[in-house]
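# Structure at a glance
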Amino acid sequence: MSDSTDKVRAYTVRLELVDRPGELLRALEPIADQGGNLLSIFHERGNLTPRGHIPVEVDLEANTEQFDEIVAALQEEGINVIQAGAERYSEEIVIILVGHLVDTDLSHTLSLLQEETGTSVRDFSLSAPEGESGESSARLRLATQSGQVEDVLGTVREIAGEKDLRVVEPLAGGEA
Amino acid sequence: MKLAVVGAGAVGSSVVELAGEYGHTVTALADSQSAAVDAAGIDVEAVLEHKRTEGVVGAEAKTAALDAEYDVLVEATPTTLGDAEPGFGHVETALERDRHVVLANKGPVAERYGELQALAAASDGEIRFEATVGGAIPILSTITDFDAKHITAVRGVLNGTANFILSRMAAEGLGYEHVLAEAQDLGVAEADPTFDVEGTDAALKCVIIANVLAEGEHEYTLDDATVEGIHELPASALELAKADGRTIRLIGEVSSDTVRVSPRLVPKDSALAVTGTRNIVQLETTHAGRLNISGRGAGGPETASAIFADIGRLGSR
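Residues numbered from 1 in each chain as written. Chains lettered and ligands numbered in written order. Predicted model: local features only at pLDDT ≥ 70, side-chain atom pairs only at ≥ 80, totals over all residues.

Across its full length, chain A holds four helices and eight strands. Counted from the first residue to the last, chain A has its helices and strands arranged as β-α-β-β-α-β-β-α-β-β-α-β. Within the span of chain A, comprising 176 residues, buried residues form 28% of the whole. (Helix = DSSP H or I, 4+ residues; strand = E, 2+ residues; numbered from the N terminus. Buried ≥ 20, exposed ≤ 12 C-beta atoms within 10 Å, placed from the backbone.)

In structure tokens:
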């Protein structure tokens, strides 16, 4: 019944492992279990993270759904996932704001967003094809702490509402 | 089985045309003004031809179809909000006569679910409404088969018109009004696209899903849904999404106590980023992970297929 048209892509996952026998195998199992294809492992024994763990970099191939499952499975196993894909996992939210962004004082909007949500704007792109007075769109990459995504989005909605802007949110809990 | 079909639009006409193929006899067909009734089976071709040339299906009063001889009433009149009339009244009449009812009309199921179930409980007839959500895609029956208690969330693309507009805008970099006009030319969008582009249609489907998931412990109506449509979304928003490997889709979500429809960012190669008029639903299950079901979510023969599936399930439980 599945109609997944997902393409298989290469991903890099950075993990922090506790220095204990069997940890590496435990971290690799979810990848195989979810149908991912292991490409390479860079196991930096001798090098320790600030928390005293061993950093491991794993390259693998999977489709997005498998990849989501792999990261979820690793987290379920209690394995610390520092970075997954190109982004810091569960620490970044991408949103698009739509409306009279320039007219409503864009820099004020951005600083309000940072202050009220406790996030930092990592990346910002504006598209204003109708010029400064027309409707425009902005894509924001907000860095936040894990577990705070829903709160942050709630605050973003409030701020956007005050400025009569629309927010296109990512799909939480889904594949976004 | 003997079928009485109320509603002679794309869905009702397809049911009448295909009924013979599924081994059923159509004893009545009604449109908004008239009815054609024959206990031995109406002459389908003649009746549809009459509708094309004269604008009405027959010479009898519309109520004659409801009073006719039939085992199953197929309710395929246009969806209405609030009291969901006249659809609700049609269902009531049939259940009071202890007849089965299969609905394609979302109104009664989304707006008066509790009353509908009470009427069915007091009747020897059953009600089924797979065709109200996602056209040909077996969504409600899959939820029932898995057992609602083992489905934790449902999300998906449930409106083909909105999805067509968004996927065309993203693929061609065209503006909202331009693509809407194109969709209307192609017959993908109606002359009044409000229901589709403002998210109401998707929200009604989500409300129906929520009612099925709640199993009578809580009743949902359109008022319980948070709804935001795609109306006048600028092309620049889709461009920015695309530049980041994402796209925007009108997503309906049903999870613990919340029903929400809104345009959302999804990875461009995610299963939810279906293109054109295609629909998709993701079910999150307690023991089997995620289930994706996709296919044609609208259209006469597609929706009629779901109606015949429902007719086949009648009396089997």
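Back to the write-up after that little detour.
Here we take up the overall build of chain B. For chain B, the helix and strand inventory stands at 13 helices and twelve strands. For chain B, whose C-alpha radius of gyration is 20 Å, the value lies close to the compact-globule estimate of 20 Å for 317 residues. Within the span of chain B, comprising 317 residues, buried residues form 54% of the whole. (Rg over C-alpha atoms; globule rule 2.2 N^0.38 Å.)

Residues V5, A28, L29 and C206 of chain B are the most contacted members of the largest nonpolar core, which totals 120 residues. Ranked by residues supplied to this core, first place goes to helix α11 (residues 200–214) of chain B with ten residues. Those residues in contact with L29 of chain B, other than ones at most four positions away along the chain, are V5, A8, G12, V16, A35, A36, I42, V47, V57 and A65 of chain B. L15, A27, I31 and F67 of chain A belong to the second-largest nonpolar core, a separate cluster that totals 13 residues. (Core = buried A, V, L, I, M, F, W, Y, C linked by C-beta atoms within 7 Å. Contact = placed C-beta atoms within 7 Å.)

Of note, the bond from E85 of chain B into P86 of chain B is cis; its omega dihedral lies within 30 degrees of zero at 5 degrees. By the element assignment, P86 of chain B lies in the loop between β4 (72–75) and α4 (87–96). Here the phi dihedral of D105 of chain A falls at roughly 65 degrees; this positive angle occurs in a residue that is not glycine. Mapped onto the secondary structure, D105 of chain A falls in the loop between β5 (92–99) and α3 (106–117). In this structure, D164 of chain A is a non-glycine residue whose phi angle is positive, near 60 degrees. Positionally, D164 of chain A belongs in the loop between α4 (149–162) and β8 (166–170). Under the C-beta neighbour-count criterion, D164 of chain A is labelled exposed, with 10 such atoms within 10 Å.

Residues and elements named next belong to chain B. Across the interface, helix α8 (residues 160–172) lies against helix α9 (residues 176–186) with an axial gap of 9 Å and an inter-helix angle of 125 degrees. With respect to α9, the element α8 is oriented oblique. Between α8 and α9 the crossing geometry is right-handed. Contact with α8, carried on its side by T161, F164, I165, R168 and M169, involves Y176, V179, L180, E182 and A183 of α9 and no other residues of that element. Of the residues contributing to the contact of α8 with α9, the split by class is seven nonpolar, one polar and two charged. (Axes fitted to C-alpha atoms, helices over the stretch in contact; angles between N-to-C directions. Parallel < 35°, antiparallel > 145°, perpendicular 65-115°, else oblique. Left-handed = near helix turned anticlockwise from the far one by under 90°. Nonpolar A, V, L, I, M, F, W, Y, C, P; charged D, E, K, R; others polar.)

A few words on the domain arrangement of chain B. Residue and element names in this part refer to chain B. Split into domains, chain B comes out as domain 1 (2–135 + 300–313) and domain 2 (140–296). Of note, the centres of domain 1 and domain 2, computed from C-alpha atoms alone, are 27 Å apart. Taken residue by residue, the interface counts 16 residues in domain 1 and 16 residues in domain 2. Those elements that place two or more of their residues in the side of domain 1 that touches domain 2 are α5 (106–111) and α6 (113–121). For the side of domain 1 that touches domain 2, the element with the most residues is α5, which contributes four residues. Of the residues in the side of domain 1 that touches domain 2, the class split is six nonpolar, six polar and four charged. (Domains from an automatic or database assignment.)

Let us look at the domain arrangement of chain A. Each domain of chain A was delimited in the assignment, giving domain 1 (9–84) and domain 2 (92–168). Here the C-alpha centroids of domain 1 of chain A and domain 2 of chain A sit 33 Å apart.

What follows concerns the pairing of strand β10 (residues 258–267) of chain B. Of all ten residues that make up β10 of chain B, eight are buried, and the element is covered over most of its length. Pairing analysis gives two bridges linking β8 of chain A to β10 of chain B, with the strands arranged parallel. Note on β10 of chain B: the bridge partner recorded for E169 of chain A is R264 of chain B. Sheet topology note: the strand β8 (residues 225–227) of chain B/β10 of chain B ladder contains three bridges and is parallel. Pairing of T226 of chain B across the sheet is with R260 of chain B, part of β10 of chain B. As paired strands, strand β9 (residues 246–255) of chain B and β10 of chain B are joined by ten bridges and run antiparallel to one another. In the sheet register, G252 of chain B faces β10 of chain B, and the bridge partner there is V261 of chain B. (Pairing = 2+ DSSP bridges.)

This paragraph deals with the pairing of strand β2 (residues 25–30) of chain B. All names here are of chain B. Counted residue by residue, β2 has five buried out of six residues, so it is predominantly covered. Where strand β1 (residues 2–6) lies against β2, five bridges are found, and the strand directions are parallel. Bridged to V5 within β2 is L29. For the crossover from β1 across helix α1 (residues 10–18) to β2, the handedness is right-handed. When β2 meets strand β3 (residues 35–37), the two strands line up antiparallel, connected through three bridges. Within β3, the position partnered with A30 by the bridge is A35. Turn length for the β2-β3 hairpin, with the two strands adjacent in sequence and antiparallel, is four residues. (Right-handed = clockwise from strand over helix to strand, strands pointing away.)

Each partner contributes to the interface: chain A provides 26 residues, whereas chain B provides 28 residues. At the level of secondary structure, the elements contributing two or more residues to the side of chain A that touches chain B comprise α2 (64–76), β5, β6 (120–127), β7 (136–143) and β8 of chain A. Of the residues that constitute the side of chain A that touches chain B, the class distribution is nine nonpolar, nine polar and eight charged.

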